[in-house]
Amino acid sequence: MSLALYIRQPWKTFYLTFQLLTLALVYLPICAVIYLFARPNPTWSWKHAMRVALTRRLNPIGIVLGKVPFDSDYRAIESGSGVEGVWMDEVPHLMNAELKIWSSVAKVTSIRIPGYWYAKTSLSPKPPTPIAAGQKVFLFLHGGGFTHMSAHPKSPISVVPRSLVELTDDAPYALSIEYRLSSTYPFAEEHSFPTALLDALAGYNFLARVMGYDPSDIIVAGDSAGGNIALALTRYLVENKGSTEVSLPGPPGHLLVSSPVTDMSNSHVTPGSSTLTNDKDIINDFYTNPYDTPYRVLAYVGSFGAGIASCNRYVSPASLSPLVQAHFIGFPRTFIIAGGMEVFLDQIRSLRDKMVKDMGVTQVTYYEAADAEHDYFVFSWHPDRPATLKAIQEWLVSG
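Notes on the structure in this doc start here. Here, residues in each chain are numbered from 1, in the same order as that chain's written sequence. Residues qualify for local features only when their pLDDT is at least 70, as the model is predicted, and side-chain atom pairs are given and counted only at 80 or more; totals for whole chains, interfaces and linings, by contrast, use all residues. In computing side-chain values, all of the structure's heavy atoms are included and hydrogens and water are not.

What follows concerns the packing of helix 2 (residues 11-34) against helix 3 (residues 46-65). Between two packed helices, both the angle of their axes relative to each other and the distance between the axes serve to describe the pair. Interaxial distance between helix 2 and helix 3 falls to 11 Å at its minimum, and their mutual angle equals 170°. Judged on the interaxial angle alone, helix 3 and helix 2 are roughly antiparallel. Across the interface between the two elements, Lys12, Tyr15, Leu16, Gln19, Leu20, Thr22, Leu23, Tyr27, Leu28, Cys31 and Ala32 of helix 2 pack against Trp46, Met50, Ala53, Leu54, Arg56, Arg57, Leu58, Pro60, Ile61, Val64 and Leu65 of helix 3. When residues are grouped by polarity, Ala, Val, Leu, Ile, Met, Phe, Trp, Tyr, Cys and Pro land in nonpolar, Asp, Glu, Lys and Arg in charged, and all others, Gly among them, in polar. When the residues that make up the contact of helix 2 with helix 3 are grouped by side-chain class, the tally is 17 nonpolar, 2 polar and 3 charged. Only C-alpha atoms enter the line fits that serve as axes; for helices the fit covers just the stretch in contact. Angles between N-to-C directions range over 0 to 180 degrees. Each helix is a run of DSSP H or I of at least 4 residues and each strand a run of E of at least 2, with the numbering of both proceeding from the N terminus. In what follows, roughly perpendicular refers to angles from 65 to 115 degrees, roughly parallel to angles under 35, roughly antiparallel to angles over 145, and oblique to any angle outside these ranges. By the convention used here, residues are in contact when the closest approach between their heavy atoms is within 4.5 Å.

Structure (structure tokens):
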């Protein structure tokens, strides 16, 4: 059956009921027994293997659900205990000609969007103003394949900004951006590239020109799809620094990306590549067929079609295609996280190599957890997470 049929009633109910019943009564019990004797990775504990198995089965179900009904989104600030939301104004005046053309094709524009503050334990829920000289702040862009998840504190990915603000005393706050999520047929076709870039730019402008942070004190961070958006935002600020066309804040002082999506083309889908061989990863559904374009990519590229992934430096900065002229001269100090068992490993290594070539080895810190899955950094239970946090802390303190 096609996705278009699955999302219609009564087929959607049948599909979800079947999937959840087989998950609970068949798949997980079988895995529980098998993993007592053999696991996908011998270094994993039984509990670790079971968590990965569960996540692998839930990912495809999320596609059929579309946007999760109870997730927060860009249309409102959802209140709650300890929640500190803020509205950030649209920034059409910060769009250069190239960005305006892309926005016109995608039929999107810059709008007012919400974000959520995260604070170090014992501090006020949002930064007091005026901002102290030298105080750093994280601008966080969440993952979720461009199509799911939220910046709201109730989201599972909120564990990332919550952890980052605890690492150093001079970066005690993070602002997570509730950017618009992409979707395409058989759902509504909306919010494709460059929508998320426009929303990230609004968040960055808010930190620099409304809150008063020095751009050099802003740490742009993102995981998975959010890592792609973080790279795109940083690129836009670097490429247009000193431009007479638009008056932008300066580039950030640091860039932190965890398991970033860096190539939405098929340039890394080759025999023997991690795309095809790392089949124990949690996002095993991303390339269900290496010759088909994944739904999440189609949703993000929208009206441009999959071809843009093979020629656009913002969409696929690590693509091996000669049509993608992605350079990194002028980028800030960067910390890259990767899991040694993830599907995107090869493209993340390509990103690292490109950045080192343009920026120098001292400006790029690469951390690869050998036995970890895609975006393991978002799982509070993951055994590699404490060492990763320690490495980030040392990187922040060192400059």
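Attention now moves to the pattern of salt bridges. In what follows, salt bridge is the name for a side-chain nitrogen of Lys or Arg lying within 4 Å of a carboxyl oxygen of Asp or Glu. Counted according to the given criterion, the structure contains 11 salt bridges. Residue Arg180 is joined to Asp199 by a salt bridge in which the shortest nitrogen-to-oxygen separation is 2.8 Å. Of this pair, Arg180 sits in the loop between strand 4 (173-177) and helix 6 (195-211) while Asp199 sits in helix 6, placing them 19 residues apart in sequence. There is no split in this pair, since Arg180 and Asp199 are both buried. The salt bridge partner of Arg349 is Glu368, with a shortest N-O separation of 2.8 Å. When accessible area is computed with a 1.4 Å probe and restricted to protein chains, residues below 20% of their type maximum are described as buried, those above 50% as exposed, and intermediate ones as partly exposed.

On to the pairing of strand 2 (residues 113-119), then. Among the 7 residues in strand 2, 6 count as buried, and that is most of the element. Strands qualify as paired when DSSP identifies two bridges or more between them. Summarising the sheet, strand 1 (residues 85-88) and strand 2 pair through 4 bridges and their orientation is antiparallel. Pairing of Met88 across the sheet is with Ile113, part of strand 2. Pairing analysis gives 5 bridges linking strand 2 to strand 4, with the strands arranged antiparallel.

The aromatic pairing rule takes the rings of Phe, Tyr and Trp, using the six-membered ring of Trp, and pairs them if the centres are within 6.5 Å, calling planes under 30 degrees apart stacked, those over 60 edge-to-face and the rest tilted. Applying the stated criterion to the full structure yields 12 aromatic pairs. By the ring-pair criterion, three or more aromatic residues cluster together here, those being Trp102, Phe146, Phe193, Tyr300, Phe304 and Tyr314. The rule for a charge over a ring is simple: NZ of Lys or CZ of Arg within 6 Å of the ring centre, and within 35 degrees of the ring normal. Over the face of the ring belonging to Trp87 we find Arg112, whose NZ or CZ atom lies 4.0 Å from the ring centre.

Read these as layout, nothing more, since geometry by itself doesn't imply function.
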